[in-house]
Amino acid sequence: MTKVLKNIILSIATFTSFSLFAQVVDVPWTGTPGEFEAAVADAGGVGEFRLEDGKTYLMLDHVPVPENGVLKVMGSGSSDMYPATLQPSPNAEGEISLTDGQMFNLVGDNAELHLHHLILNGMAVNQAGQVGIGAARADQNKIVVDYCTVSGVNMLAFHTMGTGTDFHVTNSTMTDWVSYPGGAFYGGAVWGGGSWMGTMDEVIIENNTFQGVVGECLVIYEYVDEGSRVNHNTFANISMGAFYYYTGNNLQIANNLFYNTRAYGQSTNDVTGWGVVWPGGVGQLES
């Protein structure tokens, strides 16, 4: 019954998204910090927004996606110029003050975020701090990332604190984490799981490169929907593992390249935490 209801909700959301995406809102660049999130707020936090290639849109605060809202942000997809960039900017006091430390927060049930053909730079323009890119905080949220470059993150790029979140990450590059003072183990590209985070439903991660990630690159914990897969990705120079040592039932992991993962090195003490092999099947997927 739960699956049937979810499919009905997704069908309604898809119909809604087609309606919303029928008209594209071009966001002209003036260089004024906050202009991007102001344009989205003027449209009620939903719709399809196209940014100018080659321009950097500086963000003073997050963009909240409301209940049943579908927000799509994209560049042109042209190969003639580098994509539009979203990057945090300090406020009048010189501080980075994006709500909950994210560019985007899905704050309502059934909210969706779609990011296409963008550069997403988590490092503030004045290098005064870093933010994450997107977080799901409600029920049945969906985050789609396609043909994007993510960099400058110091902790988590995308994560869920909600329930039943879908993640579709394809054709993208996530690179060059900057860590934080004393940081080597906490961070990652896509996270969810356990009593300490939210839960995931459908997870599709294909044709991506994850490079220079601090922490566990992917935390896909407990159960996920059948058809969830991590396929044709490259994981290189990951300080911890490409995967957390618990991975979700129904998850298919195939055709991936692992290079220099667990780059921090290991010791005999690791068997008490992120061990190489434990009885019962808990262990290290890659080396």
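Now for a description of the structure that goes with this document. The written sequence of each chain sets the order in which its residues are numbered from 1. This being a predicted model, a pLDDT of at least 70 is required before a residue's local features are given, and a value of 80 or more before pairs of side-chain atoms are given or counted; all residues contribute to the totals for chains, interfaces and linings. Water and hydrogen atoms were dropped before computing side-chain values, which therefore reflect all heavy atoms in the structure.

**Focus: the sheet that holds strand β13 (residues 156-160)**
Here, any two strands with at least 2 DSSP bridges between them count as paired. Here a strand is any run of E in DSSP of at least two residues, a helix any run of H or I of at least four, and the numbering for each starts at the N terminus. Spatially, β4-β7-β10-β13-β16-β19 is the arrangement adopted by the six strands of the open sheet, whose pairing is parallel. The outermost strands of the open sheet, each flanked by one partner alone, are β4 (63-65) and β19 (218-220). Adjacent strand axes in the sheet meet at a mean angle of 10°, parallel and antiparallel pairs treated alike. The pairing of β13 with strand β16 (residues 188-192) spans three bridges and is classified as parallel. Bridging from a neighbouring strand, Phe 158 pairs with Val 190 of β16. A fitted line through C-alpha atoms represents every axis, and for helices the fit uses only the stretch in contact; the resulting angles, taken between N-to-C directions, go from 0 to 180 degrees.

**Structural notes on the sheet that holds strand β6 (residues 85-88)**
Read across the sheet, eight strands follow the order β3-β6-β9-β12-β15-β18-β21-β23 without closing on themselves; strand pairing throughout is parallel. Only two strands of the sheet have a single partner each, and these edge strands are β3 (56-59) and β23 (257-261). Each neighbouring strand pair of the sheet contributes to a mean axis angle of 10°, computed without reference to strand direction. In terms of strand pairing, strand β15 (residues 173-175) meets strand β18 (residues 209-211) through three bridges, oriented parallel.

**Quick look at the pattern of salt bridges**
It is possible for side chains of opposite charge to pair when their charged atoms get near one another. The rule for a salt bridge is simple: a side-chain nitrogen of Lys or Arg has to be within 4 Å of a carboxyl oxygen of Asp or Glu. Tallied over the entire structure, the rule returns four salt bridges. Across the salt bridge formed by Asp 26 and Arg 50, the nearest N and O atoms sit 2.7 Å from each other. Of the two residues, Asp 26 sits in strand β1 (residues 24-27) while Arg 50 sits in strand β2 (residues 47-51), which places them 24 residues apart along the sequence. Between buried and exposed lies partly exposed: a residue is buried under 20% and exposed over 50% of the maximum accessible area for its type, with that area taken using a 1.4 Å probe on protein chains only. Take Asp 26: its relative accessible area is 47%, and that puts it in the partly exposed class. Residues Arg 229 and Glu 206 are paired through a salt bridge, measuring 2.9 Å at the closest nitrogen-oxygen approach. Here the residue Arg 229 occupies a position in strand β20 (residues 229-231), and Glu 206 occupies one in strand β17 (residues 200-206), the gap between them amounting to 23 residues. Judged by relative accessible area, Arg 229 falls into the partly exposed class, the value being 27%.

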